[in-house]
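# Summary of the model geometry
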Amino acid sequence: MILILAYGNSLRRDDGAGFILADALERLLSGTGMGVRRIDSHQLAPELALDIACGDVSAVIFIDTRAVSGTNDDGLVHIAPLAAAEIASPSLGHHFEAPVLLTYTKYLFNKEPRAWLITIPGVDFTHGEGLSETAGTALASAAERVREFVGRLSD
């Protein structure tokens, strides 16, 4: 089974873009017959390690929005493989990065599923709903990249 962990805040404009992409990815994966489970959260938290360690999870896909200034980004959805962080003592807190959550899963539950981080570019994180042109354009052009990624998952 593939676990999708989308995080952000849909009431902070572009910060909710990950939830939109997670919805599309969940439908795409389900349509291929793959088992899929999705969790939406405002932030990554240590207790999510238990969900990742669940016996039938073979892969985890983290989805988030990355802040960009417009000049330092290609405007595309990025997909990158992840691994557990190589740190001696990850901080115990209620907000940290995906590799630290994978480290918790590895050391607490002896599980190391394949993992990826998908990020959507965003420029507007003010209060409100709806997406900026940057995030909207990236999501609209993401379909082919995500389809290719899903094709590689089944290999």
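Residues numbered from 1 in each chain as written. Predicted model: local features only at pLDDT ≥ 70, side-chain atom pairs only at ≥ 80, totals over all residues. Heavy atoms only, no water.

### Remarks on the sheet that holds strand β4 (residues 78-82)
The condition is simple: DSSP-based pairing: two strands are paired if at least 2 bridges between them are found. We count a stretch as a helix when DSSP gives it H or I for four or more residues in a row; a strand needs E for two or more, and each element gets its number in order from the N terminus. To define axes, lines are fitted to C-alpha atoms, for helices over the stretch in contact only, and angles between the resulting N-to-C directions are given on a 0 to 180 degree scale.
With mixed pairing, the five strands of this open sheet are ordered in space as β2-β1-β3-β5-β4. Bordering the open sheet on either side are β2 (36-41) and β4, each of which pairs with just one other strand. For this sheet the average axis-to-axis angle between neighbouring strands, irrespective of direction, equals 20 degrees. One ladder, built from five bridges, connects strand β1 (residues 2-7) with strand β3 (residues 59-67); its direction is parallel. Each bridged residue has a counterpart across the sheet, and for Ile4 the counterpart in β3 is Ile61.

### Quick word on the packing of aromatic side chains
Aromatic rings considered in pairs are described by the distance between their centres and by the relative angle of their planes. Worth spelling out the cut-off: Here a pair means two rings of Phe, Tyr or Trp (six-membered ring of Trp) with centres within 6.5 Å. Their orientation is stacked below 30 degrees between planes, edge-to-face above 60, and tilted elsewhere. For every residue, the accessible area (1.4 Å probe, protein chains only) is compared with the maximum for its type, and the residue is labelled buried under 20%, exposed over 50%, or partly exposed between those bounds.
Using the criterion set out here, one finds one aromatic pair in the structure. Ring geometry for Trp116 versus Phe149: centroids 5.2 Å apart, planes at 80 degrees, classification edge-to-face. Taken together, the residues Trp116 in strand β5 (residues 114-122) and Phe149 in helix α5 (residues 143-153) connect sequence positions 33 residues apart. Considered together, Trp116 and Phe149 belong to a single accessibility category, that of buried residues.

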